[in-house]
Amino acid sequence: MSTQRPPSNGREKKLVMSFDVGTTFTGVSYVILEPGKIPQIFGVTNFPGQQTGDSKIPSVVLYDQAGSVFAVGAETNVDGDPDLIQNNELEVAEWVLSLSHKGRKDTLLVSDKKDDRSSKVLDVSYIFFGIQGSTTSFARPSGVMFVKFGSRSDNEASYGITSGNIKLTGQTIATFFDPTIDRIIQTVEAQIRNARVPIKSIFLVGGFCTSTYLYSRLDTHFSPRNINVIVPDPYLSKAVAEGSLYYYIDHSVTSRMSKCIYGVRCTWEYNPSDPENRARQHTVFLRHNGRRYVLGGFTTMIRKGVEVSETQEYRSPFMIVLDDSGFANYRNHYASLHSYQGAQVNPMWDDRETEMFSNICEIVADVSPVKRFLSQQYDQSARFYRIDYEVVLLFGHTELKAQIAWKENGQEKRGPAAIVYRDV
């Protein structure tokens, strides 16, 4: 940051740390806030278990049978402690190399190392650690590669193991990476299709971006279309951890501009005089209040080009009509938040220009508190329960936040809502 920060205005000395736990590596940054002094952000460059200093460690934790942490990060490296491979009482927790939408986060895998059925157990998890360590050097699925996973006393010719090194073909190693790389390509292709301007460059960031094989696969796939694949300076490996501290200290971004339309799917009450309604007559259904509704609706929560502040709330009303049985069993509300990147200013149907709509996430809320003070309603011969509430979204933070709101005796009440991102 080129602009000098003002001195900390806190009343006491404070240590703030930021952890970027990636799929393969983890980085840590910190800042010491002292009253009257200009804060400086530092990265941790030396961790226990490292033979030489480094700003990142493997995202791996070893636990003993009591559930206590036995080793973390570089301490789990069998090169530094070969006896680890002989310790069958340890369990490994690691981040699996997989992708998920926006954010976040991946699947945590806990694998048990114990196997009493055979004295010749090939520890695949430790081999995988070795392959992770070889991520940078592995470039193509040709030839062979020796992956270190044990001590010099580990020898098993029938498995290609010599002095703690296992011999694997490049094709075999490629199968470990290909599913993830295939999903990366699918994700990038989806982004290219949804982009409103031609994509000319793809930047790789994160621990996996150091993979020569990843770069080779992406470059081979995209270069025929004149799309450059670029790996930024290694300094950016600390960007997430340091960036979160910059945000904590400066909090300079207080609003953002919406780049597209955001809204939720809905049903509209059927209007037979409207051509759009009549075109969807085959989707019309009858609710328990005796009224007809049509599927395929879309209602806008944020228009494109709107300044979105941190504190501003965006609401979408929902009405649920249920019979006795449905009311008794109804608990969770689900709403799909979508983005629209087409030319319409106020899209009302999501079955038109379907390629312009993208699912962002699902909003899930427990509506049980809303039901407590409701009584059955009557409309001619129909008996039903009607639940009215609003989904409240805050887009201006670093991550999306959601709540539900409803009226109770004339006063607004709030409840939590969860954001669930779909896998891409």
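Residues numbered from 1 in each chain as written. Predicted model: local features only at pLDDT ≥ 70, side-chain atom pairs only at ≥ 80, totals over all residues. Heavy atoms only, no water.

## A word on the pattern of salt bridges
So, step 1. What the rule picks out here adds up to 16 salt bridges.
So, step 2. In this structure, Glu313 and Arg315 form a salt bridge, with 3.4 Å as the shortest nitrogen-oxygen distance.
So, step 3. Glu313 sits in the partly exposed class, given a relative accessible area of 32%.
So, step 4. Connected through shared salt-bridge partners, Glu313, Arg315, Glu390, Glu412 and Arg414 make up one network. (Salt bridge = Lys/Arg side-chain N within 4 Å of Asp/Glu carboxyl O. Buried < 20%, exposed > 50% of the residue type's maximum accessible area, 1.4 Å probe, protein only.)

## Some words on the pairing of strand 25 (residues 411-420)
So, step 1. Pairing between strand 21 (residues 357-366) and strand 25: 4 bridges, direction antiparallel. By the bridge assignment for strand 25, Val364 is matched with Ala418.
So, step 2. In this sheet, strand 25 lies alongside strand 24 (residues 401-408) in antiparallel orientation, the contact comprising 6 bridges. Residue pairing for strand 25: Gln403 is matched across the bridge by Pro416.
So, step 3. As consecutive antiparallel partners, strand 24 and strand 25 are separated by 2 residues, and within that stretch Asn409 has a phi angle of approximately 55°, a positive value. (Pairing = 2+ DSSP bridges. Helix = DSSP H or I, 4+ residues; strand = E, 2+ residues; numbered from the N terminus.)

## Quick look at the environment of Ile41
So, step 1. Relative to the helices and strands, Ile41 is located in strand 3 (residues 41-43).
So, step 2. Here Ile41 falls in the buried class, since its relative accessible area comes to 17%.
So, step 3. Residues Ile41 and Tyr246 lie 205 residues apart in sequence; the distance between their C-alpha atoms is 8.1 Å.
So, step 4. Excluding its chain neighbours within four sequence positions, the residues that come into contact with Ile41 are Tyr30, Val31, Glu242, Leu245, Tyr246 and Ile249. (Contact = heavy atoms within 4.5 Å.)

## Some thoughts on the side chain of Ser336
So, step 1. Its place among the elements puts Ser336 in strand 20 (residues 332-340).
So, step 2. Ser336 sits in the buried class, given a relative accessible area of 14%.
So, step 3. A polar atom in the side chain of Ser336 sits 2.9 Å from the side chain of Glu362. (Polar contact = N/O pair within 3.5 Å; in protein donor to acceptor, adjacent residues only side chain to side chain.)

## Some remarks on unusual backbone geometry
So, step 1. One non-glycine residue, Asn226, lies in the positive phi region at around 60°.
So, step 2. Note that Asn226 resides in the loop between helix 3 (212-222) and strand 13 (228-230).
So, step 3. Here the phi dihedral of Glu353 falls at roughly 55°; this positive angle occurs in a residue that is not glycine.
So, step 4. Here Glu353 falls in the partly exposed class, since its relative accessible area comes to 26%.

## Topic: the confidence of the model for the chain
So, step 1. When pLDDT is averaged along the chain, the result is 80, and 81% of the positions lie at 70 or above.
So, step 2. With pLDDT under 50 throughout, residues 96-129 is counted as low confidence; its partners more than four residues away or in other chains account for 76 contacts. (pLDDT = per-residue confidence, 0-100.)

## Let's talk about the side chain of Asp178
So, step 1. In this structure, Asp178 sits in helix 2 (residues 170-194).
So, step 2. One polar contact links Asp178 to Arg217, side chain to side chain, over a distance of 2.7 Å.

## Digging into the packing of helix 2 against helix 3
So, step 1. Contact geometry of helix 2 with helix 3 gives a least axis separation of 10 Å together with a crossing angle of 40°. The angle between helix 2 and helix 3 falls in the class oblique. When you trace helix 2 past helix 3, the crossing you get is right-handed. For the pair helix 2 and helix 3, the contacting residues are Ala174, Phe177, Asp178, Ile181, Asp182, Ile184, Ile185, Val188, Glu189 and Ile192 in the first and Tyr213, Leu214, Arg217, Leu218, His221 and Phe222 in the second.
So, step 2. Split into classes, the residues belonging to the contact of helix 2 with helix 3 amount to 11 nonpolar, 1 polar and 4 charged. (Axes fitted to C-alpha atoms, helices over the stretch in contact; angles between N-to-C directions. Parallel < 35°, antiparallel > 145°, perpendicular 65-115°, else oblique. Left-handed = near helix turned anticlockwise from the far one by under 90°. Nonpolar A, V, L, I, M, F, W, Y, C, P; charged D, E, K, R; others polar.)

## Remarks on the packing of aromatic side chains
So, step 1. Summed over all chains, the structure comprises 7 aromatic pairs.
So, step 2. Ring geometry for Phe285 and Tyr293: centres 6.2 Å apart, planes at 35°, overall tilted.
So, step 3. Exposure remark for Phe285: the relative accessible area of 28% places this residue in the partly exposed category.
So, step 4. Under the relative-accessibility criterion, Tyr293 is labelled buried at 4%.
So, step 5. Ring centres 5.1 Å apart and planes at 70° place the aromatic pair Phe298 and Phe357 in the edge-to-face group. Separated by 59 residues along the polypeptide, Phe298 in strand 17 (residues 292-302) and Phe357 in strand 21 bring together distant segments of the chain.
So, step 6. Its relative accessible area of 1% is what places Phe298 among the buried residues.
So, step 7. Among the aromatic side chains, those forming a connected cluster through ring pairs are Phe298, Tyr340 and Phe357.
So, step 8. Over the ring of Phe25 we find Lys56; its NZ or CZ atom is 4.7 Å from the centre of that ring.
So, step 9. The cationic tip of Arg287 hangs over the ring face of Tyr293; the distance from NZ or CZ to the ring centre is 4.4 Å. (Phe/Tyr/Trp six-rings, centres within 6.5 Å; stacked < 30°, edge-to-face > 60°. Lys NZ or Arg CZ within 6 Å of the ring centre and 35° of its normal.)

## Things to note about a nonpolar patch on the surface
So, step 1. Together, Leu15, Met17, Phe19, Val21 and Ile32 give the surface a local cluster of nonpolar side chains, amounting to about 470 Å² of exposed area.
So, step 2. At 4 residues, strand 1 (residues 14-21) tops the list of elements feeding residues into the nonpolar patch.
So, step 3. Relative to the helices and strands, Leu15 is located in strand 1.
So, step 4. By relative accessible area, Leu15 is classed as exposed at 53%. (Patch = residues over 30% accessible without salt bridge, like charges linked within 9 Å, V, L, I, M, F, W, Y side chains within 5 Å. Areas by Shrake-Rupley, 256 points an atom, 1.4 Å probe, with all protein chains shown as cover.)

## Regarding the environment of Gly73
So, step 1. Note on placement: Gly73 falls in the loop between strand 6 (69-72) and strand 7 (91-95).
So, step 2. The buried category is assigned to Gly73, whose relative accessible area is 0%.
So, step 3. Along the sequence, Gly73 and Val61 sit 12 residues apart, while their C-alpha atoms lie 6.3 Å from each other.

## Focus: the nonpolar core
So, step 1. Ranked by internal contacts, the top residues of the largest apolar core, which has 32 residues, are Leu337, Ile363, Ile387, Tyr389, Leu393 and Phe395.
So, step 2. Within the residue set of this core, elements represented by two or more residues are strand 15 (261-269), strand 17, strand 19 (314-322), strand 20, strand 21, strand 23 (382-394) and strand 24.
So, step 3. Sorting elements by how many residues they give to this core places strand 23 first, with 5 residues.
So, step 4. With sequence-adjacent residues up to four places away left out, Tyr389 is seen in contact with Ser316, Pro317, Phe318, Ile320, Tyr330, His333, Val367, Val370, Ala405 and Trp406. (Core = buried A, V, L, I, M, F, W, Y, C linked by side-chain atoms within 4.5 Å.)

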